[in-house]
Amino acid sequence: MDLATLAGLIVAAGCLLYAVVMAGASPLSFFHTSSLLVVCGGTAGALLIAHPLRQLRGWRAAVGPAFRPRPPDLEALAERIVRLAESARREGLLQLEERLLDDDHPTLQLGVRLAIDGTPTEVLEDIVRTECETAGRQQLATRSMLEQIGRMTPAFGLVGTLLGLIIMLGKMSDPTAVGPGMAVALMTTLYGTLVANCLALPLAEKLTHVHRQEQLARELILRGVLALHAGEHPRVIEQRLCAFLPEPPAATSLRIRRAA
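None of the values given here were measured: they were computed from a predicted structure.

K.L.:
Would you take a moment to explain the overall build of the protein for this structure?
P.N.:
Helix and strand content of the protein: 11 helices and zero strands. Helices and strands appear in the protein in the N-to-C order α-α-α-α-α-α-α-α-α-α-α. Against the compact-globule benchmark of 18 Å for 260 residues, the protein has a radius of gyration of 26 Å, which places it well outside the compact range. The buried share of the protein, reckoned over its 260 residues, is 38%. For the protein, long-range pairs separated by at least 24 residues make up 73% of all intrachain contacts whose partners lie at least 6 apart in sequence.

Below is the structure:
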């Protein structure tokens, strides 16, 4: 699991539990089955209505990058493309098929193979860009689902509050029914707010960051493959790709040359 995600969950849960204990209450007193059913069950039902079942079945794999993000190493990708450009300049573009590695980025493999096949530049760019947009849409759909959970859980918390108040007001003649009704009213609001602000919305933001990094890596690969296909000099390709790196282009360029 990503250390930042794990640390965030621990800090949020730890501070809440510490605040409860400091107030002299038991953490178990904040566990309420009826409130959980209202918030979790209501949100699950709404998601089933809003999304196709096939999309919901893959939610674990889709949300996985938020817990185990593997940000692409942009500098390593730039160096890899420069190496391929140097090989193409020495041995020819057709020899790059043997230079491709199994652990190369899928977009890089696709682009290089299209270049080897002599695909026209416009067609190559269109195919690679379409592949990038397709992968991006899948990530955006997952982020959208998490954002919907972030909106739905507080709403169902409010529904639970109304249910609890109705139960409480309907049994005002019975003092023993006031406590359970008030518990449902308050606990559902608490659960909905916690799920939205401590889990769903932060995970959606993490997926947004992962999506941006992936899109930047794919754009770097596309620019590199197009330059490779055009037969540009490896040093020119290197300077083009340095613009995508977070460090100053000059420093990064020198490091790539030393590794060459």
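From this point, the discussion proceeds with the structure in view.
K.L.:
Help me out: how do you make sense of the environment of Val-63 in this one?
P.N.:
For Val-63, the location among the structural elements is in helix H4 (residues 59-67). C-alpha separation for the pair Val-63 and Gln-139, spaced 76 residues apart in sequence, amounts to 8.9 Å. Those residues in contact with Val-63 that lie beyond four places of it in its chain are Thr-142 and Leu-203.

K.L.:
Would you mind going over helix H1 (residues 3-22) with me for this structure?
P.N.:
In an α-helix, one turn spans 3.6 residues; hence positions three or four apart end up facing the same way. Compared with an ideal rise of 1.5 Å per residue, which puts 20 residues at 28 Å, H1 spans 27 Å between its outermost C-alpha atoms and is within 8% of the ideal. Positive backbone phi, approximately 85°, marks Gly-24, located one or two places after H1.

Criteria and thresholds
Residues numbered from 1 in each chain as written. Predicted model: local features only at pLDDT ≥ 70, side-chain atom pairs only at ≥ 80, totals over all residues. Heavy atoms only, no water. Helix = DSSP H or I, 4+ residues; strand = E, 2+ residues; numbered from the N terminus. Rg over C-alpha atoms; globule rule 2.2 N^0.38 Å. Buried < 20%, exposed > 50% of the residue type's maximum accessible area, 1.4 Å probe, protein only. Contact = heavy atoms within 4.5 Å. Expected span 1.5 Å × (residues − 1).

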